[in-house]
Amino acid sequence: MRFKYAERLAVLCLAAATTLSVSACSGGNMYASSNDSSSIADNDVITIGSVTTNSGAAAAYGESEVSGFKLAIREINENGGIFGKQVKLESMDDKGDVIEASNAFNRLAGEKNVIAVLGPTISSTSGAVAPLADQNQMPSIAPAATADSVETGGYLFRTCFKDSYQGEIAAKYAAETLKVKKVAVLYGTGDPYSSGVGKAFVAAAKQAGLQVVAEENSSSTDDTEYSSQLQKIEASGAEFLYAPYYYSAVGPYIVPQARSVGYDGYIMGPDGYDGLKTTGNKARYDKVLYTTHYSPDDKSNKKVQRFITSYKAANNGESPNTFTALGYDSVYMFKQAIEQAGEHATRTDIRNAIAGMNFSGVTGAFTLDKHGSPKKSVIVLEMKNGSPTYKDTIQPAE
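In this report, we go over the structure that sits alongside the text. (Residues numbered from 1 in each chain as written. Predicted model: local features only at pLDDT ≥ 70, side-chain atom pairs only at ≥ 80, totals over all residues. Heavy atoms only, no water.)

**Section: the overall build of the chain**
Note the threshold: Secondary structure counts use DSSP, requiring at least four H or I residues in a row for a helix and at least two E residues in a row for a strand, with both numbered from the N terminus. Using C-alpha atoms as the atom set, the radius of gyration is obtained and then compared with a globule rule of 2.2 Å times the number of residues to the power 0.38. For the exposure calls, accessible area comes from a 1.4 Å probe over protein chains only, and a residue counts as buried if that area is under 20% of its type's maximum, exposed if over 50%, partly exposed in between. The contact rule is simple, with two residues in contact once any of their heavy atoms fall within 4.5 Å. The accessible surface values rely on the Shrake-Rupley method and a 1.4 Å probe; as for residues, cover is taken only from the protein chains in view. The positive count covers Lys and Arg only, the negative count covers Asp and Glu only, and His and the chain ends enter neither. Charged side chains are reduced to one point each, which is NZ for Lys, CZ for Arg, CG for Asp and CD for Glu.
Looking only at helices and strands, one finds 12 helices and 15 strands in the chain. Here the C-alpha atoms of the chain give a radius of gyration of 21 Å, agreeing with the 21 Å that 2.2 N^0.38 yields for 398 residues. Expressed along its principal axes, the backbone C-alpha trace of the chain runs to roughly 70 × 45 × 40 Å. Within the chain, the fraction of its 398 residues that count as buried is 57%. A separation threshold of at least 6 residues defines the contact pool for the chain, and within that pool the share at least 24 residues apart is 70%. Counting only carbon and sulfur atoms, one obtains 47% of the accessible surface of the chain, whose full area is about 15200 Å². Taking the average place of the 37 positive charges on the side chains of the chain and the average place of its 43 negative ones, the gap between the two points comes to 5 Å.

**Brief notes about the pairing of strand β15 (residues 387–394)**
What counts here: Only strands joined by at least two bridges in the DSSP assignment are considered to pair.
Pairing geometry for strand β14 (residues 378–384) and β15, over 7 bridges, is antiparallel. Looking across to β15, one finds that M383 is bridged to P388.

**So, the sheet that holds strand β5 (residues 156–158)**
Selection criterion: For every element, the axis is a line fit to its C-alpha atoms; helices are fit only across the contacting stretch, and the angle between N-to-C directions ranges from 0 to 180 degrees.
Strand order in the open sheet formed by 5 strands is β2-β1-β3-β4-β5, and the pairing between neighbours is parallel. The open sheet has two edge strands with one neighbour each: β2 (87–93) and β5. Pairwise comparison of adjacent strand axes, ignoring direction, gives a mean angle of 25 degrees for this sheet. Packed onto the sheet, helix α3 (residues 59–78) meets β1 (46–52), β2 and β3 (114–118) and runs at close to 170 degrees relative to β2. Along the sheet, helix α11 (residues 322–341) contacts β1, β3, β4 (140–142) and β5; its crossing angle with β3, the most-contacted strand, is approximately 150 degrees.

Written out as structure tokens, the structure is:
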């Protein structure tokens, strides 16, 4: 996803940003503990807040998440609510800004009737909110904050898998499904997303018994010339190339240049390939695969087709996307946690019910690890005739 690099740069400034945010916030108790908040039993309605990016450059992500929240809440309410109570969404826009996100989160945390928070949307804003969630003892679930640097496991959890997990799962797929022996990796050293996922792949590949015959890199993920590195990879005898870049480099440069130097093996990457477009001969993109969170073509998960049908019925035939699915699952994670915690649940009770949760949703079945991240199934898409198509679902590595 194109915002990953910017998100990681922003994380470097989070400590200062969070301090400014707390000072700027007005109204309510900024550090309201669970004891200060109400329980489920104290209100006729269950109020869940959300902090998402609904304006600015990443608005499409946040708006999609909110549409997933609304669909899930609508379904829950139509089926009697939770403990017979209707669920209400109190939505706030953080504009993709760490200060705005911190202020919005603090305002929600200061409202005693808000029992939990959905979001934020991107990794930088989620990183800013993580310490505030702990300070306020406010259970929060970030649907799509993939950066490893986001500290989860206290009061903030995530629905998506972490960036590094994709590298690990790709190594598992190469060894167990594709059954290759020799692998290579190419990544951008100047981009934490690319280098982090690439290094995670190398470590997992070696652990899986694969031979890493070439480890090449570029200075950034915005380069347009990779032929030199790809020639070395082709000469190494690699059968599989893991290249964790963004779609903007993979489609027009990495794949065509790899084929031009004679490399005809597999090319695989992470969710940064979403949006990949072909140039020239579409056959060059055969054997290109990537991991992602969700596919509408996934027939192995019955919940996917029910979700799509429900969403289209509620949105004039419009199709949901990955962010919609992650948002939808996040609401149902809270529903499961609240029901487990009981009718008198406090924020802390709900947090404790989320920790270590086993959950099955549209974006897969998973267990949250001790750091609040899911160990979950991953979708593999393969380029066919120039378009991504569902190929496999990879179950979590043991």
